[in-house]
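The residues making up each chain are set out below.
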Amino acid sequence: KQYHVAVVGVTGAVGQKMLGMLEQIDFPVEKLYPLASKRSAGKTVTFKGESVEIIEATPDAFEGVDIALFSAGGSVSKQLAHEAVQRGAVVVDNTSAFRMDPEVPLVVPEVNPEDIQKHKGIIANPNCSTIQMVVALEPIRQKYGLNRVIVSTYQSVSGAGNDAVEELKDQSQALLNGEDPETNILPVKSEPNHYPIAFNALPQIDVFEDNHYTFEEMKMINETKKIMHDSELKVAATCVRLPFFYSHAESIYIEIDGDDISIEDLQNTLKDQPGVVLEDDINNQVYPTPLSAEGKTDVFVGRIRKDLDVANGFHFWVVSDNLLKGAAWNSVQIAQQLIQQPGGLK
Ligand code: 11C
């Protein structure tokens, strides 16, 4: 069977990667609906070697669509996802619009694929920094149980969109030329203050919440509990933007159950897990970095260490391409499972 597939936000960084992933796995697309804002309508995208015209994303544009992959921002999803569902599409939404809605499954296929079947038209794709963390944690949680997670992130500028990528380039050039950098986008475009990202580190990703955490940090906390179906899990996060273009890295501390668990036990637990690549060989200086993970769909894990004070505490380093496993690939994987699971595409 072949499907009518819409990509909403097709001109954006993630939309483009969604097209690439659909092509790469040869997803059975009978007809592609590249949807975007009015501004982009009439331009074209290339899909499987053919030029396809971009259509304005309006409710009627979803007529005849089977699967709609949304990545055009939360407000577009809120406006159009239900319109797409009413017209018979299943929506895979890569924004925060519906992630915490109890009616909407929040899915990482390596962790909770069974939740896909509970959908009522919309399936949410988690935040990029959450996805790579839960892919790495799930095999450990399955084997040993998981009590506490404390994560600090090192996130690339592409998470804030193409404008932030350009801002890092421009600021780097300006500073190297001895000029003042222009600051318009980061840390958060809609906020009054902007700070340079080039040669800097910004401890703010998204807006602040009343509890002094940022929305990005709260996404990591709340989404992790929802995906793992464990509201009791202790999770804390600090999210930081750094001046590199692609992939997010994370320093993760966990407390697990069990006696005398060794570094090798955790390495063996993660080795050969689907979607996980263990790169942990300090004798040969082997560990993942944002550059080494860029362009790949896996989650890379290294630097596994035992905490020196807490018996069942471990530290490790997790890296993944935020636009691929963190966004486009996870969405396309959900779509792939939808069409493969019995009764999935209903
Ligand atoms: C960032 N994680 O790096 C964000 C981008 O909720 O899907 C993804 C925002 C989201 O800025």
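For the structure itself, consult the block above.
Residues numbered from 1 in each chain as written. Predicted model: local features only at pLDDT ≥ 70, side-chain atom pairs only at ≥ 80, totals over all residues. Heavy atoms only, no water.

1. Focus: the overall build of the protein
Consideration 1: When helices and strands are counted, the protein shows 8 helices and 14 strands.
Consideration 2: Computed over its C-alpha atoms, the radius of gyration of the protein comes to 20 Å, within 12% of the 20 Å expected for a compact globule of 346 residues.
Consideration 3: The 346 residues of the protein split such that 50% are buried.
Consideration 4: Of all intrachain contacts in the protein linking residues separated by at least 6 positions in sequence, the fraction that spans at least 24 positions is 65%.
Consideration 5: Accessible surface for the protein amounts to roughly 15400 Å². Of this, 47% is attributable to carbon and sulfur atoms.
Consideration 6: Computing the positive centroid from 29 side-chain charges and the negative centroid from 49, the protein places the two 4 Å apart. (Helix = DSSP H or I, 4+ residues; strand = E, 2+ residues; numbered from the N terminus. Rg over C-alpha atoms; globule rule 2.2 N^0.38 Å. Buried < 20%, exposed > 50% of the residue type's maximum accessible area, 1.4 Å probe, protein only. Contact = heavy atoms within 4.5 Å. Areas by Shrake-Rupley, 256 points an atom, 1.4 Å probe, with all protein chains shown as cover. Lys, Arg positive; Asp, Glu negative; His and termini not counted. Charge placed at Lys NZ, Arg CZ, Asp CG, Glu CD.)

2. Focus: the state of the cysteines
Consideration 1: Enumeration over the complete set of coordinates arrives at 0 disulfides.
Consideration 2: The structure places no disulfide on cysteine 239, whose sulfur is separated from the nearest cysteine sulfur, that of cysteine 128, by 9.2 Å. (Disulfide = S-S within 2.5 Å.)

3. Observations regarding the site of the ligand
Consideration 1: Around the ligand, the structure places Asn94, Arg99, Asn127, Cys128, Gln155, Gly159, Ala160, Ile205, Glu216, Lys219, Arg241 and His248.
Consideration 2: Within the contact set of the ligand, an oxygen atom lies 2.7 Å away from a side-chain nitrogen or oxygen of arginine 99.
Consideration 3: In the environment of the ligand, an oxygen atom lies 3.1 Å from a nitrogen or oxygen atom belonging to the side chain of glutamine 155.
Consideration 4: In terms of residue class, the shell around the ligand is made up of 3 nonpolar, 5 polar and 4 charged. (Near = heavy atom within 4 Å. Polar contact = N/O pair within 3.5 Å; in protein donor to acceptor, adjacent residues only side chain to side chain. Nonpolar A, V, L, I, M, F, W, Y, C, P; charged D, E, K, R; others polar.)

4. Overview of the sheet that holds strand E10 (residues 234-241)
Consideration 1: The sheet built from 6 strands is open, its strands ordered E10-E9-E11-E14-E13-E12 with mixed pairing. One side of each edge strand has no neighbouring strand; the edge strands of this open sheet are E10 and strand E12 (276-278). The sheet shows a mean angle of 25° between the axes of neighbouring strands, direction not considered.
Consideration 2: Pairing analysis gives 3 bridges linking E12 to strand E13 (residues 299-306), with the strands arranged parallel. Counted as the bridge partner of valine 277 is phenylalanine 300 from E13.
Consideration 3: On the sheet, helix H3 (residues 128-144) packs against strand E9 (146-155), E10, strand E11 (248-256), E12, E13 and strand E14 (313-320) and is oriented at approximately 30° with respect to E11.
Consideration 4: Of the strands in this sheet, E9, E10 and E11 are in contact with helix H5 (residues 215-227), which crosses E10 at around 145°. (Pairing = 2+ DSSP bridges. Axes fitted to C-alpha atoms, helices over the stretch in contact; angles between N-to-C directions.)

5. Points about the pattern of salt bridges
Consideration 1: For the coordinates displayed, the defined rule picks out 14 salt bridges.
Consideration 2: The closest approach of N and O atoms between arginine 87 and glutamate 83, which form a salt bridge, is 2.9 Å.
Consideration 3: By relative accessible area, which is 22% here, arginine 87 ends up partly exposed.
Consideration 4: On the basis of relative accessible area, glutamate 83 is assigned to the partly exposed category, the value being 25%.
Consideration 5: Glutamate 110 is the partner of lysine 325 in a salt bridge, and the nearest nitrogen-oxygen pair spans 2.7 Å. On the criterion of sequence distance, the pair formed by lysine 325 in helix H8 (residues 324-340) and glutamate 110 in the loop between strand E7 (90-93) and strand E8 (122-124) is long-range, its members being 215 residues apart.
Consideration 6: In this structure glutamate 110 comes out as partly exposed when scored by relative accessible area, which is 24%.
Consideration 7: One salt-bridge network, in which partners are shared between bridges, spans Asp60, Glu63, Glu83 and Arg87. (Salt bridge = Lys/Arg side-chain N within 4 Å of Asp/Glu carboxyl O.)

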